[in-house]
Amino acid sequence: MFVVSLNYKVPLSEIDRLAPGHIEWLEACYAEGIFVASGPKRPRTGGVIIARCSREVLDARLAADPFAQAGAADYDITEFTARMTAAGLGSFKEA
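Residues numbered from 1 in each chain as written. Predicted model: local features only at pLDDT ≥ 70, side-chain atom pairs only at ≥ 80, totals over all residues. Heavy atoms only, no water.

Some words on the sheet that holds strand 1 (residues 2–8)
Right, on to step 1. Taken in spatial order, the 4 strands make up an open sheet running 2-3-1-4, and their pairing is antiparallel. What marks the edges here is a single partner per strand, and that holds for strand 2 (35–40) and strand 4 (73–79). On average, adjacent strands in this sheet sit at an angle of 15° to one another, irrespective of strand direction.
Right, on to step 2. Relative to strand 4, strand 1 is paired through 7 bridges, and the arrangement is antiparallel. Bridging across to strand 4, Y8 finds its partner in A73.
Right, on to step 3. Most of the contacts of helix 1 (residues 12–31) go to strand 2, to which it runs at about 165°, and overall it touches strand 1, strand 2 and strand 3 (46–51). (Pairing = 2+ DSSP bridges. Helix = DSSP H or I, 4+ residues; strand = E, 2+ residues; numbered from the N terminus. Axes fitted to C-alpha atoms, helices over the stretch in contact; angles between N-to-C directions. Contact = heavy atoms within 4.5 Å.)

Here you go:
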């Protein structure tokens, strides 16, 4: 699994302009079963995505994000192995 930390590089007015396309992109990634959770940081300096896929798939999807295509965000990616989970999230455990 991966934790993706987005950091905005442009003013929030530009992020807001790109947001509808970004949301459509998020919805498509959820429909493909790639994303597990996502949301904005507080304060609003970027966002966080939890993804479950191969690194190659993740890299391809992130490159298609309207924020990435516009150069509006940087992406910091951390891969981890989920050894423990909260009740109800056992399907996310990895060997």
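And the narrative resumes.
Remarks on the nonpolar core
Right, on to step 1. The biggest cluster of nonpolar side chains holds 17 residues, and the ones touching the most others in it are V4, W25, F35, I49, L58 and F67.
Right, on to step 2. Those elements that place two or more of their residues in this core are strand 1, helix 1, strand 3 and helix 2 (55–63).
Right, on to step 3. Here this core takes 5 residues from helix 1, the largest share from any one element.
Right, on to step 4. Here F67 is in contact with L6, Y8, I15, L18, A19, H22, A72, A73 and Y75, once residues within four sequence places are set aside. (Core = buried A, V, L, I, M, F, W, Y, C linked by side-chain atoms within 4.5 Å. Buried < 20%, exposed > 50% of the residue type's maximum accessible area, 1.4 Å probe, protein only.)

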